[in-house]
Each structure stands twice: as structure tokens, then as C-alpha cells.
Amino acid sequence: PEDRVIIVDPEDEYSDIGREFGAQLIDIYVGSNTHLNLMDLPDEDSLSSDDTDPIGQKSNLIMGLFENILTEVTDEEFSIIDRVTHLCYEKITDRTPTLKDWHVILKQQPEQEAQNLALKSESYATGSQDVFSYETNVDMESRFVIFNLKKLSGKLKPFALMVIQDYIWNQVVNNQGKAITWLYFDELQLYFKNKLQATFFTELYSRIRKYGAIPTGITQNPETVLSTEEGRKLVANCEFLALLKLKRTDLEALEQVIPLTPSLERFVLRPKAKGTGLIVAGDTIVPFENPIPKDTKLYQLVATDS
């Protein structure tokens, strides 16, 4: 009864089931009144001995965000980002600082590189894409949270995915020992668009498991995930997979880490019906059938076919 559920929903496919169960639905888009503060930190008392520098980790996040949205970030600029992040928390102690505060301190730095960074980040800190520059105003105590990113596009979508992953990290840390957090990352291929995103996500995926969270990745494009070293390691380390219908190219990519016999391949290349496929549990692979009858309430809530 104390377990928590967080779903990252890039295509608005979980809103119906979320409303049915009273979830906190967080729609993130330009101009939204719903805000997550990029500068929020986890509770220090909940951190393990391996994670005793949350401000340093926040600095790494901001560096990653800049790498994601800018063509190039120099070593000098990385140093400035690190300095400004630490100054932000040192100077603002009566509340949690925001990215707007961070941007003000950045502009106070003497280097020309700082002024260049301030200009490049202006849109995300104080301009039209300042979605994560305000104090958090969502229900952080809700047991069921869904992030809807359907309305995001361009560079802001991968930016948002990284900020949400940071939010998830904070929540998992804060709930360690109090409740298990079940995490669902739909459209998993979005996290493997480039080396930076793949590394950031797989590190989070590994760390949250150590804190008692149970992450699940969902994708119709396993070939994209498995085209990266990070993706192959993530799938290879999974103890449980449910495989539905696959294209031949996806199956060939998957067999780099999970070899299937020809007799097993047919269950995913030519499944007999929707809701059938293969379950991979450790070294055991078995066919399964789990169709949801169309005349049920559950089918109405989870079906996404148009």
C-alpha cells in the first residue's frame, strides 16, 4: 500500500489509466503552469555513503544539459558551470534556488565565456523555454505520478527527459527504506539518441536499483536501444524481459545479448495474437499468452491503438 509509481509518458498514452487511479498528471510543455525546479536536491539524510555530494551531481546534470542543447561546451565553460552551481547553493540558503537564480549568478562572473553561456542559456532560464526555472508546484507526495511530454519537441524534449530523471533520482533517494518506487520509462529508445543521453540514463537506471527502486523500460524499437554499448549492457543485465511481436531487424539486434532458437523466434516474429510472445527470466525463456479481452474496463484504459 505504500509503494509509489512514476511513469514517464512521451506520447500521452497513460493519462486515462492515471485519471482512473487518481494520479498526479504532470503535463510539461512551453507555457505550462506546472513546474519542476531543476535545482531541487534530494534529502541529504537519505543519501548513502556513495552519494554524499548532491551539489556536485547537480553540477554534472547542468553540464549534461548544456552538452545536450549546445553544439560544443569547452573545458572553461564546464569549470564555470561547476563554480556557478556551487555559488548558487552557497548564496541562496533561505529557499531552494532556481535556474533563474543560477542564471543571475552566471552573468555576474567575470569571464567572457560566462557571458557567452548566459546568452546561450537565456531561453531556458528566463525566456520562452523556461519550463524548469520555477519552484516546484506539483504534489511531491503523490503515490502515482505521470509525466506527459507529448507537447514537447525539439531540444526541449531531451532536456526535459534529463530533468525528469533527476527528479526521479531525488524521489527514489527520499523514499529509500520507506516505500518501493516502481518506474516505467516508455519509448525507451528516446534515451539512447546520443552517447550523452545513453550514459546519463543507464547510470541512473543502475543507481536507482541500488536504492530499492524497480525500473521498467518499454520500447517498440529495441534495435535503436541495442545499437549503443550502453543499451546492450542495460538489456544484458536485465533479469526479466517480456517480448512481443518483433521485426526481423529488431530480433537480430536483440540476439546479440539474448540468443533464441528458431523454435522460440517464431513466437515473436509470427505471434498468434496480440498479447502473446516470450518471457525471458534469467536463463529461462518460455512462450506466454496474455490477451486482454476487449469488453473489459482494463482494455479500455490501456489500449492505445487508434
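Below: a short report on this structure.

### As for the pattern of salt bridges
Tallied over the entire structure, the rule returns 13 salt bridges. Residue E11 pairs with K157 through a salt bridge whose shortest N-O separation is 4.0 Å. Taken together, the positions of E11 in the loop between β1 (4-9) and α1 (15-20) and K157 in helix α6 (residues 156-174) put the pair 146 residues apart, joining distant regions of the chain. Here E229 ties to K233 by a salt bridge, and the two come within 3.1 Å at their closest N and O atoms. One end of the pair, E229, and the other, K233, are both in helix α9 (residues 229-236), four residues apart, so they sit about a helical turn from each other. Three or more residues joined by partner-sharing salt bridges are found here, namely E11, K150 and K157.

### Examining the nonpolar core
Counting residues in each nonpolar core, the largest one holds 81 residues, and the members touching the most others are I28, W102, F132, F147, I168 and F185. In terms of residues, this core owes the most to one element, α6, which gives twelve residues. What I28 contacts, discounting residues up to four positions off in sequence, is L36, V131, F132, F147, N148, L149, L152 and I164. Counting seven residues, the second largest nonpolar core, distinct from the first, contains I7, Y14, A23 and L301.

### Here's the deal with unusual backbone geometry
Phi at D12 takes a positive value of approximately 55 degrees, unusual for a residue other than glycine. Topologically, D12 is positioned in the loop between β1 and α1. By relative accessible area, which is 35% here, D12 ends up partly exposed. Of note in this structure, E187 is not a glycine but carries a positive phi near 55 degrees. Turning to its location among the elements, E187 is positioned in the loop between β4 (181-185) and α7 (195-210). Given the relative accessible area of 16%, E187 is considered buried.

### Digging into the sheet that holds strand β8 (residues 284-289)
If you walk across this open sheet you meet the three strands as β6-β7-β8, and the pairing is antiparallel. The strands lining the two open edges of the sheet, one partner per strand, are β6 (240-243) and β8. The mean angle between the axes of side-by-side strands here comes to 20 degrees, regardless of whether they run parallel or antiparallel. Bridge count between strand β7 (residues 276-281) and β8: six bridges; the pairing is antiparallel. When the sheet's bridge partners are listed, G277 is paired in β8 with F288. In the packing of helix α11 (residues 262-269) onto the sheet, contacts are made with β6, β7 and β8, and the angle to β7 comes to roughly 125 degrees.

What counts, and where the lines are drawn
For every chain, the first residue of its written sequence is number 1, and the numbers climb from 1 along that sequence. Predicted model: local features are reported for residues with pLDDT of at least 70 only, side-chain atom pairs are reported and counted for 80 or more only, and whole-chain, interface and lining totals are derived from all residues. Only hydrogens and water are set aside; all other atoms, that is, all heavy atoms of the structure, feed into the side-chain values. Salt bridge, as used here: a side-chain nitrogen of Lys or Arg that lies within 4 Å of a carboxyl oxygen of Asp or Glu. What counts as a helix is a DSSP run of H or I of at least four residues, what counts as a strand is a run of E of at least two, and both are numbered from the N terminus. Definition of nonpolar core: a set of buried residues of the types Ala, Val, Leu, Ile, Met, Phe, Trp, Tyr and Cys, connected through side-chain atoms within 4.5 Å. Burial status follows relative accessibility: with a 1.4 Å probe on protein chains alone, a residue under 20% of its type maximum counts as buried, one over 50% as exposed, and anything between as partly exposed. We call two residues contacting when some pair of their heavy atoms lies within 4.5 Å. One requirement defines pairing of two strands: DSSP has to find at least two bridges between them. Only the stretch in contact is used when a helix axis is fitted, and all axes are lines through C-alpha atoms; the angle between N-to-C directions ranges over 0 to 180 degrees.

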